[in-house]
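Single-letter residue listing:
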Amino acid sequence: MKVANFYLEDEKVIEQVRKNFNQIYIKGNNDEEVSKLIRILSPKTKEHLLDLGTGSGYVAFKIAKQYPASYIDGLDVVESMCSRNRQQCQKEGTSNLQFFCYEGDIFPFEDNTYDGLITRYALHHFPNLSLTCKEINRVLKKKSRIVICDCIPTLNDKECFIDKWMKRFFQF
């Protein structure tokens, strides 16, 4: 698999993204992107998977529906989101998906629990990435799979417009 790394340092590009971000985020085809990430994760029957920084549970719910014989745990620091996601599971009758809240440091899971981990647009919010990586390593089984999709700040985005927009859009 080929992974591309690039930085958007052109101020014109940053300004164009800023102007169109609402439209891109709200109307963008997230299903296509998430489907690609799930294909990369390649869930197998009866595997135990972790959606780290699950937020609204968007990725976790898709995996649970596509792979009903697998078990998915969503982990987040926002209890109100986890609670809402649990209610949605009950409403939909989703039995292979659970949501857990934690303080943002030590994961509330035993060592070698997960066959795979996926995180989408969350890692840049973690205040202690070194500890998070140690925790990821601790809870994953040997020969497990990790899929990370995240954005990185650029030198020209001094106002952190994406984070500010998200805080305005989602009232936790």
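The rules behind each value
Residues take numbers from 1 onward in each chain, read along the sequence in its written order. The predicted origin of the model limits local features to residues at a pLDDT of at least 70 and limits the giving and counting of side-chain atom pairs to 80 or more, whereas totals for whole chains, interfaces and linings rest on all residues. To obtain the side-chain values, all non-hydrogen atoms of the structure were used and water was disregarded. Between any two strands, pairing holds if DSSP finds at least two bridges. Numbering of helices and strands starts at the N terminus; helices are DSSP runs of H or I of at least 4 residues and strands are runs of E of at least 2. Every axis in this analysis is a line fitted to C-alpha atoms, fitted for helices over the stretch in contact. Angles between the N-to-C directions lie between 0 and 180 degrees. Contacts were defined at the residue level, with two residues in contact if any of their heavy atoms lie within 4.5 Å. Clockwise travel from the first strand over the helix to the second, with the strands pointing away from the viewer, marks a crossover as right-handed. Salt bridge, as used here: a side-chain nitrogen of Lys or Arg that lies within 4 Å of a carboxyl oxygen of Asp or Glu. Note on classification: 1.4 Å probe, protein chains only; a residue is buried when its accessible area is under 20% of the maximum for its type, exposed when over 50%, partly exposed between these limits.

Asks: Can you walk me through the sheet that holds strand β5 (residues 140–149) in this structure?
Replies: Strand pairing in a sheet is mediated by backbone hydrogen bonds. Such pairs are either parallel or antiparallel. If you trace the 5 strands from one edge of the open sheet to the other, you get β3-β2-β1-β4-β5, paired in parallel fashion. Strands with a single pairing partner mark the edges of an open sheet, and in this sheet they are β3 (97–101) and β5. Sheet twist, expressed as the mean angle between neighbouring strand axes with direction ignored, is 20 degrees. Taken together, the 3 bridges between strand β1 (residues 48–52) and strand β4 (residues 114–120) define a ladder with parallel strand orientation. Bridging across to β4, D51 finds its partner in I118. Helix α2 (residues 30–41) rests against β1, β4 and β5 of the sheet, and its axis sits at about 155 degrees to β4.

Asks: Where do I start with the pairing of β5 in this structure?
Replies: Note on strand geometry: in a regular strand, side chains alternate between the two faces of the sheet. One ladder, built from 6 bridges, connects β4 with β5; its direction is parallel. The partner of R120 across the bridge, within β5, is C149. Considered for its hand, the β-α-β crossover made up of β4, helix α5 (residues 129–139) and β5 is right-handed.

Asks: Sorry, what's going on with the pattern of salt bridges here?
Replies: Think of it this way: side chains of opposite charge can pair up when their charged atoms draw near. Taken as a whole, this structure holds 9 salt bridges when the rule is applied. We note a salt bridge from D31 to K62, for which the minimum N-O separation is 3.7 Å. Of this pair, D31 sits in helix α2 while K62 sits in helix α3 (residues 58–66); the two residues are 31 residues apart in sequence, bridging distant segments of the chain. We classify D31 as partly exposed; its relative accessible area is 39%. Notably, a salt bridge pairs R120 with E33, separated by 2.6 Å at the nearest N-O pair. Here R120 is found in strand β4, whereas its partner E33 is found in helix α2, with 87 residues between them in sequence. For R120, a relative accessible area of 15% translates into the label buried. E33 gets classed as partly exposed once you look at its relative accessible area, which sits at 25%.

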